[in-house]
Amino acid sequence: MAPSGSSSIKRSCQRVLYWIPVLFITMIVGWSYYAYVIQLCIGSITNIGEKVVCIVAYHLFFIMFAWAYWKTIFTTPMNPLKEFHLSYTDREILEREERGETQQEVLRRIAKDLPIYTRTMSGAIRYCDRCQLVKPDRCHHCSVCDKCVLKMDHHCPWVNNCVGFSNYKFFLLFLAYSLLYCLFIAATDLQYFIKFWTNGLPDTQAKFHIMFLFFSAAMFSISLASLFGYHCWLVSKNRSTLEAFRAPAFRHGADKNGFSLGFGKNLRQVFGDEKKYWLLPVFSSLGDGCSFPTCLVNQDPEQPSTPAGPNTMVKSVGEASPFPAKPLRESQSRLLISGQSWTESDGGHEEDKHGKQ
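Thresholds, definitions, all that
Residues numbered from 1 in each chain as written. Predicted model: local features only at pLDDT ≥ 70, side-chain atom pairs only at ≥ 80, totals over all residues. Heavy atoms only, no water. UniProt positions renumbered as here; feature names shortened; annotations may be inferred. Helix = DSSP H or I, 4+ residues; strand = E, 2+ residues; numbered from the N terminus. Salt bridge = Lys/Arg side-chain N within 4 Å of Asp/Glu carboxyl O. Buried < 20%, exposed > 50% of the residue type's maximum accessible area, 1.4 Å probe, protein only. Polar contact = N/O pair within 3.5 Å; in protein donor to acceptor, adjacent residues only side chain to side chain. Disulfide = S-S within 2.5 Å. Core = buried A, V, L, I, M, F, W, Y, C linked by side-chain atoms within 4.5 Å. Contact = heavy atoms within 4.5 Å. Axes fitted to C-alpha atoms, helices over the stretch in contact; angles between N-to-C directions. Parallel < 35°, antiparallel > 145°, perpendicular 65-115°, else oblique. Left-handed = near helix turned anticlockwise from the far one by under 90°. Nonpolar A, V, L, I, M, F, W, Y, C, P; charged D, E, K, R; others polar. pLDDT = per-residue confidence, 0-100. Phe/Tyr/Trp six-rings, centres within 6.5 Å; stacked < 30°, edge-to-face > 60°. Lys NZ or Arg CZ within 6 Å of the ring centre and 35° of its normal.

**Considerations on the UniProt feature "transmembrane region" (unreviewed entry) in the protein chain**
When the UniProt feature table is mapped to this numbering, "transmembrane region" (unreviewed entry) covers residues 16-36, 48-70, 170-188 and 208-230. A helix fraction of 90% and a strand fraction of 0% characterise residues 16-36, whose end C-alpha atoms lie 30 Å from each other. Summarising residues 170-188: 100% helix, 0% strand, and an end-to-end C-alpha distance of 27 Å.

**Looking at the pattern of salt bridges**
The final tally for this structure, using the stated rule, is six salt bridges. Among the ionic pairs, Arg130 bridges to Asp146, the shortest N-O distance being 2.8 Å. You can see Arg130 sitting in the loop between strand E1 (127-128) and strand E2 (133-134) and its partner Asp146 sitting in the loop between strand E3 (140-142) and strand E4 (147-149), a full 16 residues away along the chain. Asp146 gets classed as partly exposed once you look at its relative accessible area, which sits at 37%.

**Things to note about the side chain of Thr188**
Within the fold, Thr188 resides in helix H6 (residues 168-197). Residue classification places Thr188 among the buried positions, given a relative accessible area of 17%. There is a polar contact of 2.8 Å between the side chain of Thr188 and the backbone oxygen of Phe184. A distance of 3.4 Å separates a polar side-chain atom of Thr188 from the backbone oxygen of Ile185.

**Things to note about the state of the cysteines**
By definition, a disulfide links the sulfur atoms of two cysteine residues through a covalent bond. Taken as a whole and judged by the stated rule, the model has zero disulfides. Here Cys128 is not disulfide-linked; the sulfur of Cys148 is the nearest cysteine sulfur, at 3.5 Å. Looking at the unpaired Cys162, the closest cysteine sulfur is the one in Cys142, lying at 3.3 Å. In this structure Cys162 comes out as buried when scored by relative accessible area, which is 0%.

**Notes on the nonpolar core**
Ranked by internal contacts, the top residues of the largest apolar core, which has 49 residues, are Tyr36, Tyr168 and Phe174. Only helix H2 (20-42), helix H3 (48-74), H6, helix H7 (205-237) and helix H9 (263-271) provide two or more residues apiece to this core. The dominant element in this core, judged by the number of residues it contributes, is H6, at 16 residues. Non-local contacts of Phe174, meaning those with residues more than four positions away in its chain, are made with Phe65, Ala68, Tyr69, Thr72 and Val159. In terms of nonpolar packing, the next biggest core, distinct from the first, is built from 19 residues, Leu94, Ile116, Cys139 and Cys148 among them.

**Description of the environment of Pro115**
Mapping Pro115 onto the fold places it in the loop between helix H5 (101-111) and E1. The sequence separation of Pro115 and Ser291 amounts to 176 residues, and the corresponding C-alpha distance is 6.1 Å.

**A closer look at the packing of H2 against H7**
Orientation of H2 relative to H7, taken along the N-to-C sense of each, is 130°, at an axis distance of 10 Å. Compared by their axis directions, H2 and H7 come out oblique. Pair H2 / H7 crosses with left-handed handedness. Here H2 contributes Ile28, Trp31, Ser32, Tyr34, Ala35, Tyr36, Gln39 and Leu40 to the contact with H7, which in turn contributes Gln205, Ala206, His209, Ile210, Phe212, Leu213, Ser216 and Phe220. In terms of residue class, the contact of H2 with H7 is made up of 11 nonpolar, five polar and no charged.

**Re the environment of Glu274**
In this structure, Glu274 sits in the loop between H9 and helix H10 (330-333). On the accessibility criterion, Glu274 (44% relative accessible area) is partly exposed. Each C-alpha atom of the pair Glu274 and Ser285 lies 9.8 Å from the other, and the pair is 11 residues apart in sequence.

**A closer look at unusual backbone geometry**
You will see that Lys151, though not glycine, has its phi angle at about 45°, which is positive. Assignment of secondary structure puts Lys151 in the loop between E4 and strand E5 (154-156).

**A few points about the confidence of the model for the protein chain**
When pLDDT is averaged along the protein chain, the result is 81; 79% of the residues meet or exceed 70. A low-confidence stretch, residues 297-327 (pLDDT under 50), is modelled with 59 contacts involving residues beyond four sequence positions or located in other chains. Low pLDDT (under 50) marks residues 338-357, which in the prediction has 89 contacts with non-local residues, meaning those over four places away or in another chain.

**Description of the packing of aromatic side chains**
All chains considered together, the criterion is met by 22 aromatic pairs. Between Phe62 and Tyr181 the ring centres are 6.3 Å apart and the planes differ by 45°, which places this aromatic pair in the tilted class. Residue Phe62 is found in helix H3, and its partner Tyr181 is found in helix H6; the two are separated by 119 residues along the sequence. Accessibility expressed as a relative area gives 21% for Phe62, which makes it partly exposed. Given the relative accessible area of 5%, Tyr181 is considered buried. Summarising the aromatic geometry, the rings of Phe271 and Trp278 are spaced 6.0 Å apart at their centres and angled 50° between planes, so their arrangement reads as tilted. Residue classification places Phe271 among the buried positions, given a relative accessible area of 12%. Among the aromatic side chains, those forming a connected cluster through ring pairs are Tyr33, Tyr36, Tyr58, Phe61, Phe62, Phe65, Tyr69, Phe171, Phe174, Tyr181 and Phe184. Note that Arg138 overlies the ring of Phe259, its terminal NZ or CZ placed 4.4 Å from the centroid. Above the ring of Phe292, the side-chain terminus of Arg138 is found at 4.9 Å from the ring centroid.

So, in structure tokens, the structure goes:
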């Protein structure tokens, strides 16, 4: 019982420690609210019109930032549906079989009716021993959350949560609104920051809040701009952070562009069809997170052409494959209605080196 109790205490302590980055961000934002609203707007700005505009605009950015941050933190990552979990009988059969090809035959039988088109780099079925399930495409096991997460992007310590299918849109909006929040503060605080160095402000406590507020906003703006720009690029290519570092392997080989459907459809897959919801932290992403359209055509100039040739549009129906062609779920099929012909492709995704199985 002692080891079990020690393990439970250790896990509890880890859960508390994981909230430290979130607490740090919350304290910084709380201080920035005091410094900007109380010390700058109310205490230092003398023009009534400028004061009202700054306070109203600030609260607009603040509310959107806080809303997106809250949704990113407290939206539970989606896990694979029950159909991907092994039954009790299948688990027993799998445990009895030796590791190797025999076990793979069991997994192929289990996965034959699932909408799965990816494998590991070695060609094996992507299976999670911890969760005892066949992994859907783009799904990974997070060692911090200790569960499989649909379309996992990464585990973010600053939100103490996994960023994946259920909250990736919220994470993008969190980056966007936090960047706008910092840029707005830096832009409106600049003239008073200059007055600080030219002795244009009275020697009060507000001087130091104004100075550090500008430094903090400018510093965070630089880091947030680079991170937001990187994730915008990922969205345009329909890649997750894991896929950017290790491409999913399709039948023709590893291809980072394997899930890309073109900029417009890639954007809709994350933000949805209704543009009125794009800027709001409400879930509007397309699909169920378990199946995704893929393409065999390599149109990304930074990727080499596939062995099948640049004009190959559709996989041969009669081609032998452990993953026979299966229809996509209805929620994803809408992405394939217009434009070029797209088709599902066999392949796989090896696990991430940094704690994801």
